[in-house]
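Inside the fold
Below, each chain spelled out in residue letters.
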Amino acid sequence: MVKQLQGGKLPGAYAYGFYHFIIDEAQYDKIAIMSKNFYITTTLPYVNAEPHIGFALEIVQADVIARYHKGLGEKVVFNFGTDEHGQKIYQKALEENKDPQTYCDEYAKKFDALKVALNLSYTHFIRTTDPHHIVAAQEFWKLCYKNGFIYKKNYKQKYCVGCELEKSDSELVDGKCPIHPSSEIQTFEEENYFFKLSEFQNKLLKFYDKNICHRRFAGFFNFEA
Ligand SMILES: [Zn+2]
């Protein structure tokens with residue numbers, strides 16, 4: 001499987017890197033030290049609205065960092081793309097009387113047009129509906145599952161479709177999302193898959209110690225099982 005990913009297209013190569021981070025730490029360190037490669041990605045925006053100025057800020061900042069590393073002579077992979085999986089996207093497509101893939105195709109084009117509009121230097125535009133992305137995501141899932149990092153449990157959660165986010169009671173005002181007061185909060189109860197992030201706590205803390213530039217992101221992780 002690893003060989004197959006190694007020889008595959010780039011998202012497969014990312015999965016290959018993840019493989020070593022999860023399974024074989026020594027090999028991961030060796031790859032990281034030997035390579036003069038630099039990888040940066042933006043968040044992948046949902047295609048449920050036109051690109052907006054807030055996202056322009058994020059991608060221009062990423063572009064500055066990517067160009068800086070290119071200037072240092074490093075091989076830069078600068079990733080951008082679109083997240084095309086989400087309930088809100090499905091609902092928007094229905095509102096516009098389009099099938100979801102046609103709807104996503106139209107919006108993906110609008111986001112990719114930012115390359116010219118903002119003079120961006122990204123090297124890859126990955127859509128989550130790209131066949132090679134799907135293969136890489138599935139391989140990564142299987143790898144985690146096989147190694148016991150994915151488990152199922154029952155789960156009840158309030159959810160705002162507008163934010164595409166789960167909400168705790170303390171985040172709601174009179175039972176509504178303060179950002180989307182006109183839409184009803186949905187409650188889900190279902191059996192779901194979870195990733196055992198807590199198993200990576202020590203490994204990640206060690207990684208942040210060795211890689212100072214990653215440290216400022218450490219606060220985003222929540223290690224509760
Ligand atoms: Zn909301």
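Treat the numbers as computed from the prediction; the structure is a model and nothing was measured.

**Quick look at helix α5 (residues 87–95)**
In an α-helix, one full turn covers 3.6 residues, which means residues spaced three or four apart are oriented alike. Inspection of α5 places Lys 88, Ile 89 and Ala 93 among the buried residues, and these make up the whole buried set. Taken down its axis, α5 places every buried residue within 140 degrees of arc, on the same side. Once α5 finishes, Asn 97 follows within two positions and takes phi at roughly 55 degrees, a positive value.

**Some points on the confidence of the model for the protein chain**
On average, residues of the protein chain score 83 in pLDDT, and 78% of them are at 70 or above. Mean pLDDT values over the elements of the protein chain span from 35, in helix α1 (residues 2–6), up to 96, in helix α7 (residues 114–117). Segment residues 1–15 is flagged for pLDDT under 50; beyond a separation of four residues in sequence, or across chains, it makes 22 contacts in the model.

**Observations concerning the coordination of the zinc ion**
In this structure, Cys 160 (SG), Cys 163 (SG), Cys 177 (SG) and His 180 (ND1) serve as the protein donors to the zinc ion, at separations of 2.1 to 2.3 Å. Classification of the site at the zinc ion as tetrahedral follows from its four donor atoms and the range of 101 to 117 degrees in their angles at the metal. If you list the donors of the zinc ion from N- to C-terminus, the spacing comes out as C-x2-C-x13-C-x2-H. Here the residue Cys 160 occupies a position in strand β4 (residues 150–160), and Cys 177 occupies one in the loop between β5 (165–167) and β6 (186–195), the gap between them amounting to 17 residues. For Cys 160, a relative accessible area of 0% puts it in the buried group. Its relative accessible area of 0% is what places Cys 177 among the buried residues.

**Regarding the sheet that holds β4**
With antiparallel pairing, three strands are arranged side by side in an open sheet as β5-β4-β6. Of all strands in the sheet, those bounded by a partner on one side alone are β5 and β6. Adjacent strand axes in the sheet meet at a mean angle of 55 degrees when their direction is disregarded. Where β4 meets β6, 10 bridges bridge the pair, whose relative direction is antiparallel. Note on β6: the bridge partner recorded for Ile 150 is Phe 195.

**Some points on the sheet that holds strand β3 (residues 124–127)**
Spatial strand order, β1-β2-β3: three strands in an open sheet with parallel pairing. Taken across any chain shown, the strands that pair with only one partner, and hence form the sheet edges, are β1 (37–41) and β3. The average undirected angle you get between the axes of adjacent strands in this sheet is 25 degrees. Pairing geometry for β1 and strand β2 (residues 75–82), over five bridges, is parallel. If you follow Asn 37 over to β2, its bridge partner there is Lys 75. Most of the contacts of helix α4 (residues 53–71) go to β2, to which it runs at about 165 degrees, and overall it touches β1 and β2.

Conventions and cut-offs
Residues numbered from 1 in each chain as written. Predicted model: local features only at pLDDT ≥ 70, side-chain atom pairs only at ≥ 80, totals over all residues. Heavy atoms only, no water. Buried < 20%, exposed > 50% of the residue type's maximum accessible area, 1.4 Å probe, protein only. Helix = DSSP H or I, 4+ residues; strand = E, 2+ residues; numbered from the N terminus. Arc of directions from axis to C-beta. pLDDT = per-residue confidence, 0-100. Contact = heavy atoms within 4.5 Å. Donors = N, O, S within 2.8 Å, 3.2 Å for Na, K, Ca; no water. Tetrahedral: all angles 85-135°; square planar, octahedral: opposite > 155°, others 65-115°. Pairing = 2+ DSSP bridges. Axes fitted to C-alpha atoms, helices over the stretch in contact; angles between N-to-C directions.

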